[in-house]
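Chain by chain, the residues:
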Amino acid sequence: MTSALLPTYARAPIAFERGEGAWLVTRDGERYLDFGAGIAVNALGHAHPHLVEALTTQAQKLWHTSNLFEIPEGERLGRRLVDATFADVAFFANSGAEANEAAIKMARKYHAAGGHPERFRIITFEGAFHGRTLATIAAGGQAKYIDGFGPKVDGFDQVPTGDFDALEVAIGPETAALMIEPIQGEGGLRVIPHTDLRRLRALCDQHGLLLIMDEVQTGVGRTGRLFAHEWSGVTPDIMSAAKGIGGGFPLGVCLATTEAARGMTAGTHGTTFGGNPLAMAVGNAVLDVVLGNGFLARVEALGLRLKQSLAALRDSHPDVITEVRGEGLMLGLKLAVPNTEFVAAARDGHLLVIPAGDNVVRLLPPLIVTDVDVAEAVARLDATATRLEAEKLAPKRQGAAA
Ligand SMILES: *Cc1c(COP(=O)(O)O)cnc(C)c1O
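What counts and how
Per chain, residues are indexed from 1 in the order of the written sequence. Local features in this predicted model are restricted to residues whose pLDDT is 70 or higher, and side-chain atom pairs enter the listing and the counts only when it is 80 or higher, whereas totals over whole chains, interfaces and linings include all residues. Side-chain measures here rest on the full set of heavy atoms in the structure, leaving out hydrogens and waters. In this text, near means that some heavy atom of the residue lies within 4 Å of the molecule or strand in question. Pairs of N or O atoms are called polar contacts if they sit within 3.5 Å, as long as, within protein, a hydrogen donor faces a hydrogen acceptor (for residues adjacent in sequence, only side-chain-to-side-chain pairs). Note that accessible areas follow from Shrake-Rupley with a 1.4 Å probe, and for residues the cover is restricted to the protein chains shown. Gly is put with the polar residues, along with every residue not named as nonpolar or charged; the nonpolar set is Ala, Val, Leu, Ile, Met, Phe, Trp, Tyr, Cys and Pro, and the charged set is Asp, Glu, Lys and Arg. Convention adopted: a line fitted to C-alpha atoms gives each axis, helices being fitted over their contacting stretch, and angles between N-to-C directions are expressed from 0 to 180 degrees. Each helix corresponds to a stretch of at least 4 residues labelled H or I by DSSP, and each strand to a stretch of at least 2 residues labelled E; elements are numbered beginning at the N terminus. An angle below 35 degrees is treated as roughly parallel, one above 145 as roughly antiparallel, one from 65 to 115 as roughly perpendicular, and anything else as oblique. Helix crossings get a hand from a simple test, with the near helix turned counterclockwise from the far one by less than a right angle marking a left-handed crossing and a clockwise turn marking a right-handed one. Two residues qualify as a contact provided that any one of their heavy atoms is within 4.5 Å of a heavy atom in the partner residue. Each Phe, Tyr or Trp ring (for Trp, its six-membered ring) is paired with any other whose centre lies within 6.5 Å, and the angle between the two planes then decides the class: stacked below 30 degrees, edge-to-face above 60, tilted in between. Only protein chains enter the area calculation, which uses a 1.4 Å probe; residues under 20% of their type maximum are buried, those over 50% are exposed, and those in between are partly exposed. Here, a charge over a ring means that NZ of Lys or CZ of Arg falls within 6 Å of the ring centre while also lying within 35 degrees of the ring normal. Residue types Ala, Val, Leu, Ile, Met, Phe, Trp, Tyr and Cys, when buried and joined through side-chain atoms within 4.5 Å, form a set referred to as a nonpolar core. Bear in mind that the domain bounds are from an automatic or database domain assignment. Along the arc lie the directions from the helix axis toward the C-beta atoms. Between any two strands, at least two bridges found by DSSP are needed for them to pair. UniProt positions are given in the numbering used here, feature names are shortened, and annotations may be inferred rather than shown by experiment. By definition here, a salt bridge exists when the distance from a side-chain nitrogen of Lys or Arg to a carboxyl oxygen of Asp or Glu is within 4 Å.

Peer 1: Mind showing me how you'd approach the site of the ligand here?
Peer 2: Around the ligand lies a shell formed by Ser95, Gly96, Ala97, Asn100, Phe129, His130, Gly131, Glu181, Asp214, Val216, Gln217 and Lys243. Between a nitrogen atom of the ligand and a side-chain N or O atom of aspartate 214, the distance comes to 2.7 Å. Note that an oxygen atom of the ligand is positioned 2.7 Å from one of the side-chain N or O atoms of glutamine 217. Here the ligand has 380 Å² of accessible area as a free molecule, and 81% of this is covered by the chains. Among the residues making up the shell around the ligand, the classes are represented as three nonpolar, six polar and three charged.

Right, here's the structure in full:
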């Protein structure tokens with residue numbers, strides 16, 4: 001039967017009925033090891049008891065009141081995020097793209113409030129991904145997402161990542177901000193060197209620009225720090241987060257300093273659903289765990305060990321895996337075979353991984369993944385690479401025999 005859903009996704013022919021930790025289970029009881037975590041969303045895995053408890057308890061009390069009233073759980077989550085970061089204020093949304101829209105509007109309004117409404121342009125970086133709204137596809141700059149949707153939203157200029165000459169040329173009297181992911185996720189797990197982030201910060205300070213970090217994928221413990229930019233010692237003026245922050249419940253946030261947010265006065269921005277009691281309850285529960293004793297240190301240690309195992313796999317399968325990328329539990333394999341084939345072969349072996357740009361597959365396990373799960377994933381990746389290697393070399397062998 002044909003689907004009633006808009007066919008914008010090429011979905012794998014598989015549906016899950018329930019999940020537990022890093023495992024997903026189909027209706028027939030087939031178990032899959034989930035190293036995609038719903039694209040870095042299920043930070044605490046599936047059916048985490050603390051999140052289930054927080055959501056169901058809140059669900060019995062109150063779901064939605066709108067932002068016309070105070071929402072104590074949101075005040076609490078905002079306070080905790082502010083206390084744990086560079087930021088002074090938080091704006092809750094429901095997704096990464098919306099958090100970025102808030103960040104973009106805030107950067108423009110900052111300059112308008114300072115008497116420079118002409119400073120509205122934002123410089124982004126090749127390979128970026130910032131979401132699928134009209135403004136965020138323009139920010140991401142990828143033709144495949146922009147083409148056919150009418151005039152590209154004005155106000156975004158893009159330069160090659162790491163090209164500081166091009167960047168300095170691009171900065172002009174209309175530039176408001178730079179916007180960057182500390183590690184490009186969709187773009188192929190490309191880590192922006194810490195020295196580059198420091199140079200971006202210095203350029204922003206020199207030219208009076210705001211630095212926006214898109215931590216939608218890198219945030220909430222994914223790299224072994226609460227936010228990935230912390231590794232570089234650089235702080236942004238504005239930061240977006242989403243994906244892992246709700247552990248699977250739709251939630252995004254735009255965090256900023258008081259200074260950067262100076263233009264965002266009453267009435268300038270809004271959302272009907274953002275910051276609703278259900279999302280706030282779950283967001284607080286996620287933080288309870290991620291900020292708990294030793295949690296982030298464990299992510300860091302586990303990530304290092306996984307990366308070492310992946311490097312060993314690369315060495316033993318050079319015809320399939322050419323490079324290991326990433327930090328913490330945000331790792332990628334650059335491949336010498338099509339990444340879609342690798343993803344499908346891994347799925348045949350009941351391991352879920354996610355394709356990214358630049359012919360990379362992403363490993364984004366839940367942060368609560370166990371050592372045993374990690375070892376199992378490495379074994380399944382090994383088997384996947386072995387199979388693809390055999391398929392790749394088979395025609396050559398036949399050729400040699402003939
Ligand atoms: C996923 C992602 C987004 C978009 O988030 P949505 O929730 O899909 O709108 C934005 N930026 C980055 C870096 C992402 O990885």
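Still more ground to cover, so stick around.
Peer 1: Would you mind going over the packing of helix H2 (residues 49-59) against helix H9 (residues 277-290) with me for this structure?
Peer 2: A pair of packed helices is captured by two measures, namely the crossing angle of their axes and the spacing between those axes. One can describe the packing of H2 onto H9 by two numbers: an axis separation of 9 Å at closest approach and a directional angle of 155 degrees. Put simply, H2 runs roughly antiparallel to H9. The handedness of the crossing between H2 and H9 comes out as right-handed. Of the residues in H9, those touching H2 at His50, Leu51, Ala54, Leu55, Gln58 and Ala59 are Pro277, Leu278, Ala281, Val282, Ala285, Val286, Asp288 and Val289.

Peer 1: Hey, could you run me through the packing of aromatic side chains in this one?
Peer 2: Each aromatic ring pair is described using two quantities: the centre-to-centre distance and the angle formed by the ring planes. A complete count under the given rule lists two aromatic pairs for this structure. Aromatic side chains phenylalanine 16 and tyrosine 32 sit 5.4 Å apart centroid to centroid with 75 degrees between the ring planes, which places their arrangement in the edge-to-face category. Placement of phenylalanine 16 in strand E1 (residues 16-20) and of tyrosine 32 in strand E3 (residues 31-34) is noted, with a sequence separation of 16 residues between them. Tyrosine 32 gets classed as buried once you look at its relative accessible area, which sits at 9%. Residues phenylalanine 129 and tyrosine 145 carry aromatic rings whose centres are separated by 5.7 Å and whose planes lie at 75 degrees to one another, so their mutual orientation is edge-to-face. Linking phenylalanine 129 in the loop between strand E5 (121-125) and helix H5 (134-140) with tyrosine 145 in helix H6 (residues 143-146), this pair joins segments that are 16 residues apart in sequence. Residue classification places phenylalanine 129 among the buried positions, given a relative accessible area of 16%. Over the face of the ring belonging to tryptophan 23 we find arginine 31, whose NZ or CZ atom lies 4.8 Å from the ring centre. Its guanidinium or amino end placed over the ring of phenylalanine 164, arginine 199 lies 3.9 Å from that ring's centre, counting from NZ or CZ.

Peer 1: Can you walk me through the nonpolar core in this structure?
Peer 2: Generally speaking, nonpolar side chains in soluble globular proteins are found buried as a group. Counting residues in hydrophobic clusters, the biggest one holds 80 residues, and the most contacted among them are Phe35, Leu167, Leu200, Leu310, Phe342 and Val353. Taken together, domain 1 (50-290) and domain 2 (293-328) each give at least three residues to this core, which thus spans both. Non-local contacts of phenylalanine 35, meaning those with residues more than four positions away in its chain, are made with Leu306, Leu351, Leu352, Val353, Arg362, Leu363, Leu364, Pro365, Val369, Asp373, Val374 and Ala377. Tyr110, Ile122, Ala139 and Met179 belong to the second-largest nonpolar core, a separate cluster that totals 21 residues.

Peer 1: Is there a simple way to explain H2 in this structure?
Peer 2: Because an α-helix packs 3.6 residues into every turn, residues spaced three or four apart end up facing the same way. Taken together, the buried positions of H2 are occupied by Leu51, Ala54 and Gln58. One face of H2 carries all of its buried residues, which in axial projection span an arc of 65 degrees. Packing partners of the buried residues in H2 comprise helix H3 (72-84) and H9.

Peer 1: Hey, could you run me through the sheet that holds strand E15 (residues 351-352) in this one?
Peer 2: The pairing of strands in a sheet happens through backbone hydrogen bonds and is either parallel or antiparallel. With respect to topology, four strands assemble into an open sheet ordered E1-E2-E3-E15, the strand pairing being mixed. In this open sheet, the two edge strands, each paired with only one partner strand, are E1 and E15. The pairing of E1 with strand E2 (residues 23-26) spans four bridges and is classified as antiparallel. Note that in E2 the partner of arginine 18 across the bridge is valine 25.

Peer 1: Mind showing me how you'd approach the UniProt feature "modified residue: N6-(pyridoxal phosphate)lysine" (unreviewed entry) in the protein here?
Peer 2: UniProt feature "modified residue: N6-(pyridoxal phosphate)lysine" (unreviewed entry): in the numbering of this structure it lies at Lys243. Of note, lysine 243 is situated in the loop between strand E11 (238-241) and strand E12 (252-256). Not counting chain neighbours up to four residues away, the residues in contact with lysine 243 comprise Ile39, Ala40, Val41, Glu186, Val216, Gln217 and Leu251.

Peer 1: Would you mind showing me how to read the UniProt feature "binding site: pyridoxal 5'-phosphate" (unreviewed entry) in the protein here?
Peer 2: Here, the residues flagged by UniProt with the feature "binding site: pyridoxal 5'-phosphate" (unreviewed entry) are Gly96, Ala97, Phe129, Asp214, Glu215, Val216, Gln217 and Thr272. The greatest C-alpha distance among the residues just named is 25.1 Å, and with 177 residues of sequence between them they are spread in space as well. Looking at the secondary structure, you find alanine 97 in helix H4 (residues 96-113). For alanine 97, a relative accessible area of 15% puts it in the buried group. For alanine 97, the contacting residues outside a window of four places in its chain are His130, Gly131, Arg132, Thr133 and Thr136. By the element assignment, threonine 272 lies in the loop between E12 and H9. The exposure class of threonine 272 is exposed, given its relative accessible area of 53%. Not counting the four nearest positions on each side in its chain, threonine 272 is found in contact with His64, Ser66 and Asn67.

Peer 1: Sorry if this is basic, but what is going on with the side chain of threonine 384 here?
Peer 2: By the secondary structure assignment, threonine 384 is in helix H12 (residues 371-401). Ignoring anything within four residues of it in the chain, the contact list for threonine 384 reads Phe342, Ala345 and Ala346.

Peer 1: What is the right way to read the pattern of salt bridges from this model?
Peer 2: Opposite charge on two side chains lets them pair, provided their charged atoms get close. Tallied over the entire structure, the rule returns 16 salt bridges. Across the pair arginine 80 and aspartate 288 runs a salt bridge, and its minimum N-O distance is 2.7 Å. Here arginine 80, found in helix H3, pairs with aspartate 288, found in helix H9; they are 208 residues apart in sequence, far enough to count as distant. The partly exposed category is assigned to aspartate 288, whose relative accessible area is 32%. Put simply, arginine 305 and aspartate 371 hold a salt bridge, and the shortest N to O gap is 3.0 Å. Here the residue arginine 305 occupies a position in helix H10 (residues 295-316), and aspartate 371 occupies one in helix H12, the gap between them amounting to 66 residues. Take arginine 305: its relative accessible area is 43%, and that puts it in the partly exposed class. Each of Glu323, Arg325, Lys334 and Asp358 takes part in a single network of salt bridges with overlapping partners.

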